[in-house]
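Per-entry structural report
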Amino acid sequence: MYGSEAYYSRSGDYIQMPPPDAFGSARDLFTVQARELAHWAGAAYQLNREFGARFGGTPYMREELVALS
């Protein structure tokens, strides 16, 4: 799916990405894709990581660290 932002939607179970030409390089595109795939892999039917219920909470921050690793 293309849009103006990159994110994983837990409720819809999809990854939203800007179009490839929105990125400065292939490396930038693949870096963002890999990060969103890391979030997707934490879904309940995958690795079942706790995402955290709100932005800025401790579980949310842990999930961001996992995705950046």
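Summarised in this report is the structure supplied together with it. (Residues numbered from 1 in each chain as written. Predicted model: local features only at pLDDT ≥ 70, side-chain atom pairs only at ≥ 80, totals over all residues. Heavy atoms only, no water.)

Positionally, Thr 31 belongs in helix H1 (residues 26–41). Between the C-alpha atom of Thr 31 and that of Leu 68, which follows or precedes it by 37 residues, the distance is 9.4 Å. (Helix = DSSP H or I, 4+ residues; strand = E, 2+ residues; numbered from the N terminus.)

This part takes up the pattern of salt bridges. The tally for this structure, following the rule as stated, stands at one salt bridge. Linking Glu 36 and Arg 35 is a salt bridge whose minimum nitrogen-to-oxygen distance equals 3.3 Å. Taking the relative accessible area as the measure of exposure, Glu 36 reaches 3% and is therefore buried. (Salt bridge = Lys/Arg side-chain N within 4 Å of Asp/Glu carboxyl O. Buried < 20%, exposed > 50% of the residue type's maximum accessible area, 1.4 Å probe, protein only.)

Okay, unusual backbone geometry next. The phi dihedral of Asp 13 is positive, around 50 degrees, even though this residue is not glycine. Among the residues examined, Asp 13 registers a relative accessible area of 32% and is labelled partly exposed.

Looking at the secondary structure, you find Glu 36 in helix H1. Within polar-contact distance, the side chain of Glu 36 engages the backbone nitrogen of Tyr 8 at 3.1 Å. Discounting residues that sit within four places of it in the chain, Glu 36 has contacts with Ala 6, Tyr 7, Tyr 8, Ile 15 and Met 17. (Polar contact = N/O pair within 3.5 Å; in protein donor to acceptor, adjacent residues only side chain to side chain. Contact = heavy atoms within 4.5 Å.)

Turning to H1, a few remarks are in order. Between the first and last C-alpha of H1 there are 22 Å, a value that for 16 residues agrees with the 22 Å anticipated at 1.5 Å per step. Buried residues of H1: Leu 29, Glu 36, Ala 38, His 39 and Ala 41, and no others. Buried-residue contacts for H1 involve strand S1 (7–9), strand S2 (14–16) and helix H2 (58–68). (Expected span 1.5 Å × (residues − 1).)

This part covers the packing of H1 against H2. One can describe the packing of H1 onto H2 by two numbers: an axis separation of 8 Å at closest approach and a directional angle of 130 degrees. Viewed along their axes, H1 and H2 adopt a mutual orientation that is oblique. Relative to H2, the crossing made by H1 is right-handed. Residues Arg 35, Ala 38 and His 39 of H1 lie in contact with H2, whose contacting residues are Glu 63, Glu 64, Ala 67 and Leu 68. (Axes fitted to C-alpha atoms, helices over the stretch in contact; angles between N-to-C directions. Parallel < 35°, antiparallel > 145°, perpendicular 65-115°, else oblique. Left-handed = near helix turned anticlockwise from the far one by under 90°.)

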